[in-house]
Every structure is written in C-alpha cells, then in structure tokens.
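An overview of the molecular structure
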Amino acid sequence: MRNKVLGLVVVTMLMAAGICGCQKAPESSSNGDILHAKDSAEEEVAAIVNEPESAAENDMQEINSVIGTGDHVIRIQAQMPDVPQDVYYMTLGENETLTKEFLTAFLGSETGNIQDLSEEAQKEIEQSEAENEQGEERAVFSVFGNAPVYQLSDGQKTASFSYGTGAYYQDELLYEKCAAIYKSADETVLEEADSENIYREAEKILLAKLSPIGMAEIDLYKITQYRCESVTFYEIEFTPSYEGMGVVHEFGSIASGEIFPSGKAWICEESIVTLSLNACLGKVETQEKCGTVLSWSQIEKILETHLNSGKINGSRKAVLTEAEFLYYPAFKEDENKLELVPVWHIYTPMSEWLENEELAETFVANGSTWILVSAAFHAPLDRSRSSYFIMMEVFAASGFTPFAAIFPGLAYASAFCEEYNSGYIKMIYSRMLPGKFALTRIVTVALSGGTMLAVPFIIVLSIAYCFGIPGIPTGSDEGLMAGTAL
C-alpha cells in the first residue's frame, strides 16, 4: 500500500514539473544585479533597440527636438555630436607602471637635487582620513586604486602619483606668479569654435607631459583665460579620452561609490604651472566592441517612452542645449575596477541655469538638468544565441531547479520503504551497525544523486557550448532560445 502511495506521489510531482515546464518563463530585465519582471516601458525600449537605423540621420548637423505633448515635454536644441564608427565597453584597473622611476621623469627636474617625500605624503593622507572619520560631518568618498602614494620634489617642482590612477605636478615659482593674479584677473571662457589654435596648442603641451605616463588622449571641454597686466595664463579642464571618446564631465555632485576621471591644468607662456589628474591613469584591462549603437532617432523614442511612463519629467520652459556621445564611468568598488559605458549625455551646462533663477526653478520643479541614455547594447556580433541565456531559459522552462533537491532522494526512499515493509532491514541490522548502515546509504545516495543531477547539467552545458556564443542576445532569436535585449 505504501509503495502505491509513494508511486502516486512521485507521478504527481513529475506531472507538476511537466506542467510548470510547459509554461513560458516571464521575460525579465536587470536593475543592477536584480532580475525583475519586465514592464511595458522596457518592452517598448527593447522593440526600439531592434529597429533599423535611418540612413538620413548620418547627415544631421543639429538637433531640434520636442519630445512629448502639451507642457510635459523635453526640448533639446543642440549640435549633433560625432559618433565613432567603433564603440567599445572598457574596464579600467590600477596602473602598476606608475612607479618612482616614472615619477622622476614626470617631475622633469632641471637641478637633479631630488628629494623623496613619499613617506611624508602617505602619512598626511592617513592623518587626513583619520580626522575625516572622527569629524561630525565626515566626507564619504570612494578611491579608485590601492597603490601607495609616491611624491618627489627638487625644491622648485613637485610631482606625485596616487593610488596607481592619479597624478599631480606643480612648478612652485610659476604657481606663485599665476596665483597672485587669479582673483583680480579678467576671466574669459574661450569657446572652442572661436579659439581653435589655443585648444590645439593646449592639447599639444599637455600630451607632451602626459604621454610618457600612459595618457595618450585627452578631451578638452573648457579653457578659461586669466589676464592681468603682463601676466596671462589658461585654466584647462579635460577628461581622458579612449578611442576618440571622452568621459562625462557635467554631473553635479559626486556621491559615495562614484568615480569621475577628470583633469585640470594651468598653463602660462613659460610652461605648465600645475596639473592635477583624478583617476585618469587607469589601465585598460578589457575592451569589447559594442554590438548595437543607438541612433539619435532611437534615443528620441526611448526618451518619449520613459516620459510617457513617468520615469523622467520635462517642461516646455526648460531647454537642454548640449548633446554629447561619451563614456560614463561605473565604479565597481568591490572589484576596484572602473567600467566605461558609452552613453548619450543630454544636458544644460550648470553655469547656464545657475545664472538664470527662473530657469533654475523650472529645472528643479519640473525638468532634469541632464539625462543619460545608454548608447549601446552589447550583443553577439553575428546576432546569434547567447550561451548564458541558453542555460537560463532551459532550466527556467523545464521546471528542473525547484525539484533538483528532491530527485536524488526519490530512488532511495522507494528502496527503503520496500526494505522496511518486507522486514529485510532487520537482517541488515543483524549484520551491520545502524550507524555504519546510515553512513553507507548517505555515501551511495550522494554519489547516485550527484550523478543524476550532473547528467542534465552536462547535456545543457554541451548544448550551450556547441550552439551558443558569449554575450547577451538582442532579441533576434525565436522560440525557447529567445533572449531579452538589455
């Protein structure tokens, strides 16, 4: 009787697993590291991503868009940025080449009387961090890199490397000369279109200093001229550049867990006055080409989708005046890595809306001063099936996972019931101690159950290895193996 009941239970469980396996697994999307049910807005975005690019868009010079209807709109009036033909995802790590030998060359001492101030500099940083921890309003910030601080000086010039990702340089005599006029000098922001020669010359001077320490490209976005009587110097703000693309530089305040590579320099007629690099010298560890780069028309549709869903707000009074195609840095603090993700960065410069009280109130009340939209979706280059999603979909659709812990014990449960009902177990106890019998059964069930679980895993992994490729699919597959564009 008990055998019949056990058999009925087993059959019922297998039927439940089969019924569950026949149902289509719900589509999911990723929010950070959490998978959640895919809403209608995300489904619309996924459809937009798979649309073909418009050929007419390649000739666009200006953006003049009104997205949405009524007063709840996003207005964009900006120049169309250059979009590289090849766009990459990158991961940066600590640069182990930033040693004292490189720092000596970076210092460029003319006297040769160099002092090593590394130990003092390290103590100052540790003391500053300790004081910050004890303060009532302590600043919380993240650091990219774990390398020690190196600092050298010859009395006139000082240079340092910090954490394997940052650097600093200063010519003390030139700095005193420029700092003396900094507050009283006439200040003029130079537009690149009107001052191309100054931008090119500044880039040339900076790269001559930065190339030896591994910074081969920079993206200058602002130059301010300071002039007072016979003294003139330029303040240059820039970011590192990778394959012709700079890094987002208009972002407001920096929160804990965020790292934004940035550089600032003063240059006068004689030479570089001071130079500061924050997280700019990370070494490229991985570089992977993006499979799909979103066009501007797709970006407009995505913005409209999120505007209609209420995820972003807009106002007819507020106008976003800049559109750039840049990298956004995503800091992985646990791994101490900086991921660079290509984005469309649409914004109004802070300097503009802070000077206009009415515009500032409009932005705060109804609109966003800047919007970031992921510019690329990673996909296998031949739009084939992803190995990752083959495994995920097979196990999700089969209903295998919820019952995986039960299957190994079913065979032994049936055998034990038969031994117990027939009295055969008493004969086993007469020849073997109960403890030894239990240990033997545990080992045999573990081996047989592990083998039983390994077989389906081997089959699925073999299928993924033979027919799948690395990456996340773009939705081009059909049926059971179809993936979700992320």
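Residues numbered from 1 in each chain as written. Predicted model: local features only at pLDDT ≥ 70, side-chain atom pairs only at ≥ 80, totals over all residues. Heavy atoms only, no water.

Let's talk about the overall build of the protein chain
Each helix and strand counted, the protein chain has 14 helices and 21 strands in total. Taking all 486 residues of the protein chain together, 38% fall into the buried category. A separation of at least 24 residues holds for 72% of the contacts in the protein chain among residues at least 6 apart in sequence. Accessible area for the protein chain stands at about 27,500 Å²; split by element, carbon and sulfur atoms hold 54% of it. (Helix = DSSP H or I, 4+ residues; strand = E, 2+ residues; numbered from the N terminus. Buried < 20%, exposed > 50% of the residue type's maximum accessible area, 1.4 Å probe, protein only. Contact = heavy atoms within 4.5 Å. Areas by Shrake-Rupley, 256 points an atom, 1.4 Å probe, with all protein chains shown as cover.)

Things to note about helix 3 (residues 100-107)
Buried residues of helix 3: L103, F106 and L107, and no others. Down the axis of helix 3, the sector holding all buried residues measures 100°, keeping them to one side. Projecting away from the buried face of helix 3 at angles above 90 degrees are the exposed residues E101 and A105. Looking one or two places after helix 3, you find G108, whose phi comes out positive at around 65°. (Arc of directions from axis to C-beta.)

Some details on the sheet that holds strand 6 (residues 115-116)
A sheet is described by the order of its strands in space; here 9 strands give the open sequence 6-7-8-9-14-13-12-11-10, paired in antiparallel fashion. This sheet does not close on itself; its edge strands, each paired only once, are strand 6 and strand 10 (186-190). Pairing between strand 6 and strand 7 (residues 147-153): 2 bridges, direction antiparallel. Within strand 7, the residue paired with Q115 across the bridge is S153. (Pairing = 2+ DSSP bridges.)

Section: the sheet that holds strand 17 (residues 319-320)
Strand order across the open sheet formed by 3 strands is 3-4-17, with mixed pairing between neighbours. This sheet does not close on itself; its edge strands, each paired only once, are strand 3 (62-69) and strand 17. Of the strand pairs in this sheet, strand 3 and strand 4 (residues 72-79) are connected by 8 bridges, and their pairing is antiparallel. Its bridge partner lying in strand 4, G68 is registered against V73. Set on the sheet, helix 7 (residues 296-309) makes contact with strand 3 and strand 4; between it and strand 3 the angle comes to about 25°. (Axes fitted to C-alpha atoms, helices over the stretch in contact; angles between N-to-C directions.)

Re the pairing of strand 5 (residues 88-93)
For strand 5, a buried count of 5 out of 6 residues is recorded, marking the element as mostly surrounded by other parts of the structure. For strand 5 and strand 15 (residues 283-289), the ladder comprises 6 bridges, and the chain directions are antiparallel. If you follow M90 over to strand 15, its bridge partner there is Q287.

Thoughts on the packing of aromatic side chains
Scanning the entire structure with this criterion turns up 12 aromatic pairs. Centroid distance F144 to F331: 5.9 Å. Interplanar angle 70°. Geometry classified as edge-to-face. Taken as a pair, F144 in the loop between helix 4 (118-134) and strand 7 and F331 in strand 18 (residues 322-332) lie far apart in primary sequence, 187 residues in all. Judged by its relative accessible area of 11%, F331 is buried. Taken together, a centroid distance of 5.1 Å and an interplanar angle of 15° make the contact between Y226 and F233 stacked. (Phe/Tyr/Trp six-rings, centres within 6.5 Å; stacked < 30°, edge-to-face > 60°.)

Overview of the nonpolar core
Counting 39 residues, the largest nonpolar core has I74, I76, W296, I299, L303, Y327 and W344 as the members making the most contacts within it. It is helix 7 that provides the largest number of residues to this core, a total of 5 residues. Not counting residues within four places of it along the chain, the set of residues in contact with I76 comprises I63, N64, S65, I67, W296, L303, L320 and I346. (Core = buried A, V, L, I, M, F, W, Y, C linked by side-chain atoms within 4.5 Å.)

Digging into unusual backbone geometry
One non-glycine residue with positive phi stands out, namely E243, at about 55°. Looking at the secondary structure, you find E243 in the loop between strand 12 (231-240) and strand 13 (262-268). Residue classification places E243 among the partly exposed positions, given a relative accessible area of 43%. For A279, which is not glycine, the phi torsion reads 55° and is therefore positive.

Quick notes on the state of the cysteines
In this structure the tally under the stated criterion is 0 disulfides. Here C178 stays free of any disulfide, with the sulfur of C268 as its closest cysteine sulfur at 4.7 Å. Classification of C268 by relative accessible area gives buried; the value is 8%. (Disulfide = S-S within 2.5 Å.)

Considering the environment of A46
Position of A46 relative to the elements: it lies in helix 2 (residues 40-49). Looking at A46, the relative accessible area reads 12%, which means it is buried. Through-space distance from the C-alpha of A46 to that of I302 is 9.3 Å; in sequence the pair is 256 residues apart.

Details of the pattern of salt bridges
Using the criterion set out here, one finds 8 salt bridges in the structure. Between K100 and D116 there is a salt bridge, and its shortest N-O distance comes to 2.5 Å. Here the residue K100 occupies a position in helix 3, and D116 occupies one in strand 6, the gap between them amounting to 16 residues. Here D116 falls in the partly exposed class, since its relative accessible area comes to 40%. Between K157 and E110 there is a salt bridge whose closest N-O contact spans 3.8 Å. Here K157 is found in strand 8 (residues 157-163), whereas its partner E110 is found in the loop between helix 3 and strand 6, with 47 residues between them in sequence. (Salt bridge = Lys/Arg side-chain N within 4 Å of Asp/Glu carboxyl O.)

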